[in-house]
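Reading the structure
One-letter residues, chain by chain:
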Amino acid sequence: VWLFADLTRVDRWVRREAGIGFTRYNDTRLTLGWNPAPLVSIRSNFLYQVRDESNLLAQHNLSWTPLTGGKVALRLHGTFVSDTRVGSDRRSAGLDLDWELRPRLHLEAGIETQSYELRGQRNSPLNTYLRGRFGF
């Protein structure tokens, strides 16, 4: 079991647009990571920004890599992202596969389904990719 936390706070003065003087901005970032079991990873990132208004961006990732080593690597993953600045939520789940067909010849493939809501409208795209790599 492995656990980490990283907290960063940045304060800065920024010149105002179309005006005189400066305004104060700050960003507070918290990153948490946890490996509760072998081959399982959980990561969370929080970004709290204070500008003229404050907003919060939160991202959570879960991944499981049941097949490692050998000729095939498989990874299952899920993500949840929430952004108060634009009022959006996004969820996704996917599968990535890396297959060593021959030495120096790899095939990568993946599929991911998403569901996101932005300003009251919901969309659900399905993304796929296929990539071959050959090394000399």
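Definitions and cut-offs
- The numbers attached to residues start from 1 for each chain and follow its sequence in the written order.
- Per-residue local features are limited, in this predicted model, to residues with pLDDT of at least 70; the limit for side-chain atom pairs, both in listing and counting, is 80 or more; totals at the level of whole chains, interfaces and linings are taken over all residues.
- Calculated side-chain values reflect all of the structure's heavy atoms, with hydrogen atoms and water omitted.
- For the purposes of this entry, the term helix denotes a DSSP run of H or I that reaches at least four residues, the term strand denotes a run of E that reaches at least two, and both are numbered from the N terminus.
- Computation of the radius of gyration draws on C-alpha atoms, with the globule rule given as 2.2 Å multiplied by the number of residues to the power 0.38.
- Each residue is placed in one exposure class: buried if its accessible area under a 1.4 Å probe, protein chains only, is under 20% of its type's maximum, exposed if it is over 50%, and partly exposed if it falls in between.
- Should any heavy atoms of two residues lie within 4.5 Å, those residues are counted as being in contact.
- Only when DSSP finds a minimum of two bridges between them are two strands counted as paired.
- Classification of ring pairs uses Phe, Tyr and Trp, with its six-membered ring standing for Trp, and accepts pairs whose centres are within 6.5 Å; under 30 degrees between planes counts as stacked, over 60 as edge-to-face, and the remaining range as tilted.
- Patch criteria: residues need more than 30% relative accessible area and no salt bridge. Like-charged residues are merged within 9 Å; nonpolar side chains of Val, Leu, Ile, Met, Phe, Trp and Tyr are merged within 5 Å.
- Calculation of accessible area relied on Shrake-Rupley with a 1.4 Å probe; when residues are assessed, cover is drawn exclusively from the protein chains displayed.
- The working definition used for a salt bridge is a side-chain nitrogen of Lys or Arg within 4 Å of a carboxyl oxygen of Asp or Glu.

Right, let's get into the overall build of the protein. Scanning the protein from N- to C-terminus turns up 0 helices and 9 strands. Secondary structure of the protein in N-to-C order comes out as β-β-β-β-β-β-β-β-β. The C-alpha atoms of the protein give 20 Å as radius of gyration, which overshoots the globular expectation for 136 residues (14 Å, by more than 25%). Its C-alpha atoms give the protein principal-axis dimensions of about 65 × 35 × 35 Å. Considering the protein as a whole, with its 136 residues, one finds that 21% of them fall into the buried category. Residue pairs at least 24 apart in sequence account for 29% of intrachain contacts in the protein once pairs closer than 6 positions are excluded.

So, about the pairing of strand 6 (residues 88-102). Bridge count between strand 5 (residues 72-83) and strand 6: 12 bridges; the pairing is antiparallel. Opposite R75, over in strand 6, you have D96 as the bridge partner. Hairpin remark: strand 5 followed by strand 6, antiparallel, with 4 residues in the connecting loop; positive phi at G87, about 70 degrees. Of the pairings in the sheet, the one linking strand 6 to strand 7 (residues 105-118) comprises 14 bridges and is antiparallel in character. Across the sheet, L97 pairs through a bridge with A109, a residue of strand 7. Linking two consecutive strands that pair antiparallel, namely strand 6 and strand 7, is a turn of 2 residues; a positive phi of about 70 degrees is found at R104 within it.

With that out of the way, let us pick up the packing of aromatic side chains. Under the defined criterion, the tally for this structure stands at 1 aromatic pair. Pairing W2 with F4 gives two aromatic rings, centres 5.0 Å apart and planes at 45 degrees, and the pair type is tilted. Note on W2: relative accessible area 43%, which makes it partly exposed.

Attention now moves to a nonpolar patch on the surface. On the surface, L67, V72, L95, L97, W99, L101, I111 and L126 cluster together to form a nonpolar patch covering roughly 640 Å² of accessible area. No other element matches the 4 residues that strand 6 contributes to the nonpolar patch.

For the rest of this paragraph, the subject is the pairing of strand 5. Across 9 bridges, strand 4 (residues 54-67) lies against strand 5 in antiparallel orientation. Along strand 5, the bridge assignment pairs L57 with D83.

It is worth spelling out the environment of V72 at this point. Its location among the elements puts V72 in strand 5. Between the C-alpha atom of V72 and that of L107, which follows or precedes it by 35 residues, the distance is 9.7 Å. Other than its neighbours up to four places away in sequence, V72 contacts L67, L97, D98 and W99.

A few words on the environment of T28. When you line up the elements, T28 lands in strand 2 (residues 22-37). A C-alpha to C-alpha distance of 25 Å links T28 and S63, two positions 35 residues apart in sequence. The residues contacting T28, other than those within four sequence positions of it, are L7, T8, R9, F46, L47 and Y48.

Our next topic: the pattern of salt bridges. According to the stated counting rule, one finds 8 salt bridges in the structure shown. Measuring nitrogen to oxygen at the nearest pair gives 3.0 Å for the salt bridge that ties R9 to D11. The partly exposed category is assigned to D11, whose relative accessible area is 37%. We note a salt bridge from R131 to E108, for which the minimum N-O separation is 3.2 Å. Placement of the pair is R131 in strand 9 (residues 126-134) and E108 in strand 7, with a sequence separation of 23 residues. Judged by its relative accessible area of 44%, R131 is partly exposed. Overall, the relative accessible area of 13% leaves E108 in the buried class. Salt bridges linked by common partners bring D98, E108, R131 and R133 together as one network.

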